[in-house]
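Below are the chains, spelled out letter by letter.
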Amino acid sequence: MEFMTTTSSGTPGVNTNVTRAVQAYPTDEVPGSRATQVRPVPEGWQQQKDAEGRPLLQFAAPKKGMPPTHLADIPTVDRKAYVASLGFPGFRAAQLGTHYFVHHTNDPSAMTDLPAASRDDLVAKVLPPLLTEVRRLQTDSGDTIKFLWKLHDGALIESVLMRYPGRVTLCVSSQAGCGMNCPFCATGQAGLTRNMSAAEIVEQVVLANRALAHGELGGRARHDHTPDRVGNIVFMGMGEPLANYARLMQAVRTMLAPAPDGLGMSARGITISTVGLVPAIRKLAEEGLPVTFALSLHAPDDELRDELIPVNSRWKVDEALNAARDYFDKTGRRVSIEYALIKDMNDHGWRADLLAAKLNNRGRGWVHVNPIPLNPTPGSIWTASEPAVQREFVRRLEVAGVPTTIRDTRGRDIDGACGQLAAAD
Ligand code: SAH
């Protein structure tokens, strides 16, 4: 009843807005209070369990199904020797790199600088086709495309191409499926099929650049001067990138390498997002690459995060946050904390306060928070927080001095938003 107190509305000096906010959102909620707490449980599907009855975590991926070796799988310093080992002059590596990374082509008939007699054989061996388009969906406004790709073994993956004012971003997959088993994520529901190769990861970008070069992504007129090239990559598609570490790094290095070795992208434009595999976060910090690091936290307390992010059974909230803070110290790159706001599950005011306290305990200026309204996967408990609750959550973080930006949920109408990539076809 304390939240129903009548305000002295109309009295000069009394800020009735603040009073209303207090009425709607009890500011004195504490853990265990009467605030509603919905517990995370999968609905409409069965979460796979391990021998102890806990949600199954798949770190090791099946070996079967990996594609043929491609130029982008080979470290740049080894490519000449690799092409020579196939029986061709080593300098063909650079020619093929230009065709592939600059002109987005692996079509031998377009490669008139190569000898006609051996062209088909060379290209088939060095640039084997990896991704076949199955389907694409475009938003009504035209500035978002979701691609569904088939890999050579039939596995399906997705990527999402988005135009923003002044930039083009591609959300890429790093695994077919995912072994992290988060109960709110569509990708996790089917488990892990296999790791993607470095070249399969890179080819998503090459083919997005090809689509851009052909004018297939809309919205250019509205967003004047947008470059027609992918400038930003977010590893927020299917899979846990840090569970596929070596191939992820080879893919990132190829994205960064200048032509003809790679896509010539900037490390700052690449965001690697993880559930929180702490040893791999620490390894990433040592790579000397100023990529952006994002931690999918989604809860500041172990009690809830144990259920929301099953890998929390291995590495707790504080360990993951310590690794994130160390990432900042090593790289100077401000870390992102991702927080999907789920109605009555993790959106309580006290959780915003606890999150702010845990971040501030580790210093200032090293982190920002990206809340995102949950994209519902089917099931009644998995619902986005109310807009007013979202605002209150953000307000508390900001009051505590934590920079916070709500992330947009581009592509919802084509099931292309975060956590919606499931490759059901
Ligand atoms: N495995 C990595 C990257 C893939 S998911 C990771 O977990 O970070 C990218 C982001 O989308 C993660 O923050 C993930 O938690 C979030 N996500 C998953 N399902 C979602 C959903 N239904 N709504 C909103 N975000 C979701």
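Note that residues are indexed from 1 along each chain, following the sequence as it is written. For this predicted model, a pLDDT threshold of at least 70 governs which residues receive local features, and a threshold of 80 or more governs which side-chain atom pairs are given and counted, while totals over whole chains, interfaces and linings are taken from all residues.

Chemist: Lay out the overall build of the protein chain with the relevant residues and their values.
Modeler: From N to C terminus, the protein chain includes eleven helices and eleven strands. Partly exposed residues are those whose C-beta has more than 12 but fewer than 20 other C-beta atoms within 10 Å; 20 or more makes a residue buried and 12 or fewer makes it exposed, with C-beta atoms placed from the backbone. Evaluated residue by residue, the protein chain yields a buried proportion of 43% over its 425 residues. A sequence separation of at least 24 residues applies to 69% of the contacts in the protein chain between residues at least 6 apart. Helix and strand definitions follow DSSP, with helices as H or I runs of at least four residues and strands as E runs of at least two, each counted in order from the N terminus. In this description, any two residues whose backbone-derived C-beta atoms lie within 7 Å of each other are considered to be in contact.

Chemist: Could you give an account of the nonpolar core, naming the residues involved and the relevant values?
Modeler: Nonpolar cores are identified as sets of buried Ala, Val, Leu, Ile, Met, Phe, Trp, Tyr and Cys residues joined via C-beta atoms within 7 Å. Of all hydrophobic cores here, the largest spans 106 residues; its most connected members are Val202, Val205, Met255 and Ala324. Sorting elements by how many residues they give to this core places helix H5 (residues 198-213) first, with nine residues. Structurally, this core is a two-domain feature, drawing no fewer than three residues from each of domain 1 (71-126) and domain 2 (132-414). When residues no more than four places from it in sequence are discounted, the contact partners of Val205 are Leu170, Val172, Val230, Ile233, Met255 and Leu263. Delimitation of the domains relies on an automatic or database domain assignment.

Chemist: Explain the sheet that holds strand S10 (residues 335-341) residue by residue, including any values.
Modeler: Should DSSP find at least two bridges between two strands, the strands are taken to pair. Ordered by their spatial adjacency, nine strands build an open sheet running S1-S2-S3-S4-S7-S8-S9-S10-S11, and the pairing between neighbours is mixed. Since the sheet does not close on itself, it has two edges, and those belong to strand S1 (132-138) and strand S11 (367-373), each with one partner. Strand-to-strand, the axes of this sheet are offset by a mean angle of 20°, without reference to chain direction. Here helix H11 (residues 387-399) sits on the sheet and contacts S10 and S11; the angle it forms with S11, its principal contact strand, is near 175°. Orientation is described by lines fitted to C-alpha atoms, with helices fitted over the stretch in contact, and by angles between N-to-C directions that extend from 0 to 180 degrees.

Chemist: Help me get a handle on unusual backbone geometry, residues and values and all.
Modeler: Following Ala259, the chain continues to Pro260 via a peptide bond in cis, the omega torsion being 5°. Mapped onto the elements of the fold, Pro260 is located in the loop between helix H6 (245-256) and strand S8 (270-274). For His104, which is not glycine, the phi dihedral falls at a positive 50°. With respect to the helices and strands, the residue His104 is situated in the loop between helix H3 (92-102) and helix H4 (116-126). Within the chain, Asp344 stands out as a residue other than glycine whose phi angle is a positive 60°. Relative to the helices and strands, Asp344 is located in the loop between S10 and helix H10 (349-360).

Chemist: A description of H6 should follow, citing residues and the corresponding values.
Modeler: In a regular helix each residue adds 1.5 Å, so twelve residues correspond to 16 Å; H6 covers 16 Å between its end C-alpha atoms and thus fits that length. The set of residues buried in H6 consists of Arg247, Leu248, Gln250, Ala251, Val252, Thr254 and Met255. Here the expected length of a helix is defined as 1.5 Å per residue gap, with one fewer gap than residues.

Chemist: Lay out H4 with the relevant residues and their values.
Modeler: Taken residue by residue, H4 has Leu122, Val123 and Val126 as its buried positions. Buried residues in H4, looked at end-on, bunch into an arc of 95°, giving them a common side. Structurally, H4 contributes buried residues whose contacts are with helix H2 (79-85) and H3. Our arc is simply the arc of the directions from the helix axis toward the C-beta atoms.

Chemist: Describe the environment of Ala320, listing the residues and the values that go with them.
Modeler: With respect to the element layout, Ala320 can be found in helix H9 (residues 317-331). On the basis of neighbour count, Ala320 is assigned to the buried category, with 25 C-beta atoms found within 10 Å. Along the chain, Ala320 and Ile281 lie 39 residues apart, while their C-alpha atoms are 8.5 Å from each other. Look past the residues within four positions of Ala320 in its chain and what remains in contact with it is Gly276, Val278, Leu295 and Trp315.

Chemist: I'd love a proper account of the confidence of the model for the protein chain, names of residues and values included.
Modeler: Averaged over all residues, the pLDDT of the protein chain is 89; the fraction at 70 or higher stands at 89%. Confidence of the predictor at the level of single residues is captured by pLDDT, which takes values from 0 to 100. Considering only residues more than four positions removed or in separate chains, one finds that residues 1-28, a stretch of pLDDT under 50, has 16 contacts. For residues 30-34, every residue scores under 50 in pLDDT, and the model assigns this stretch two contacts once sequence neighbours within four places are set aside.

Chemist: Quick rundown of the pairing of S1? Include the residues and the values.
Modeler: One ladder, built from six bridges, connects S1 with strand S2 (residues 144-150); its direction is antiparallel. Each residue of the ladder has a partner; that of Leu137, found in S2, is Lys146. Between S1 and the antiparallel strand that follows it, S2, lie five residues; Gly142 among them carries a positive phi value of about 85°.

Chemist: Go over the packing of helix H7 (residues 278-285) against H9 with me, naming the residues and quoting the values.
Modeler: In the contact formed by H7 and H9, the axes pass within 9 Å of each other and the chain directions differ by 5°. As far as their axial angle goes, H9 and H7 are roughly parallel. Here Val278, Ile281, Arg282 and Ala285 of H7 lie close against H9, whose contacting residues are Glu319, Ala320, Ala323, Ala324, Asp326, Tyr327, Lys330 and Thr331. Ten residue types, Ala, Val, Leu, Ile, Met, Phe, Trp, Tyr, Cys and Pro, are classed as nonpolar, four, Asp, Glu, Lys and Arg, as charged, and the remainder, Gly among them, as polar. Of the residues that constitute the contact of H7 with H9, the class distribution is seven nonpolar, one polar and four charged. Oblique is the label for every angle not falling under 35 degrees (roughly parallel), over 145 degrees (roughly antiparallel), or within 65 to 115 degrees (roughly perpendicular).

Chemist: Which residues make up the packing of H5 against H6, and what values do they have?
Modeler: Closest axis-to-axis distance for the H5/H6 pair is 8 Å, and the angle between their directions is 40°. Between H5 and H6, the angle is such that the two are oblique. Judged by the sense of rotation from one axis to the other, the crossing of H5 with H6 is right-handed. In this structure, H5 contributes Ala198, Ile201, Val202 and Val205 to the contact, and H6 contributes Arg247, Gln250, Ala251, Thr254 and Met255. Take the far helix as your reference; a near helix turned counterclockwise from it by less than a right angle gives a left-handed crossing, and one turned clockwise gives a right-handed crossing.

Chemist: Can you explain the environment of Pro279? Please cite residues and give values.
Modeler: Relative to the helices and strands, Pro279 is located in helix H7. Classification of Pro279 as exposed rests on a count of 12 C-beta atoms within 10 Å. Between the C-alpha atoms of Pro279 and Trp315, which are 36 residues apart in sequence, the distance is 9.4 Å.

Chemist: Mind laying out the environment of Ala259, listing which residues take part and the relevant values?
Modeler: The residue Ala259 is located in the loop between H6 and S8 in this model. Through-space distance from the C-alpha of Ala259 to that of Phe101 is 6.8 Å; in sequence the pair is 158 residues apart. Excluding residues that lie within four positions of it along the chain, Ala259 makes contacts with Gly97, Thr98, Phe101, Val102 and Gly264.

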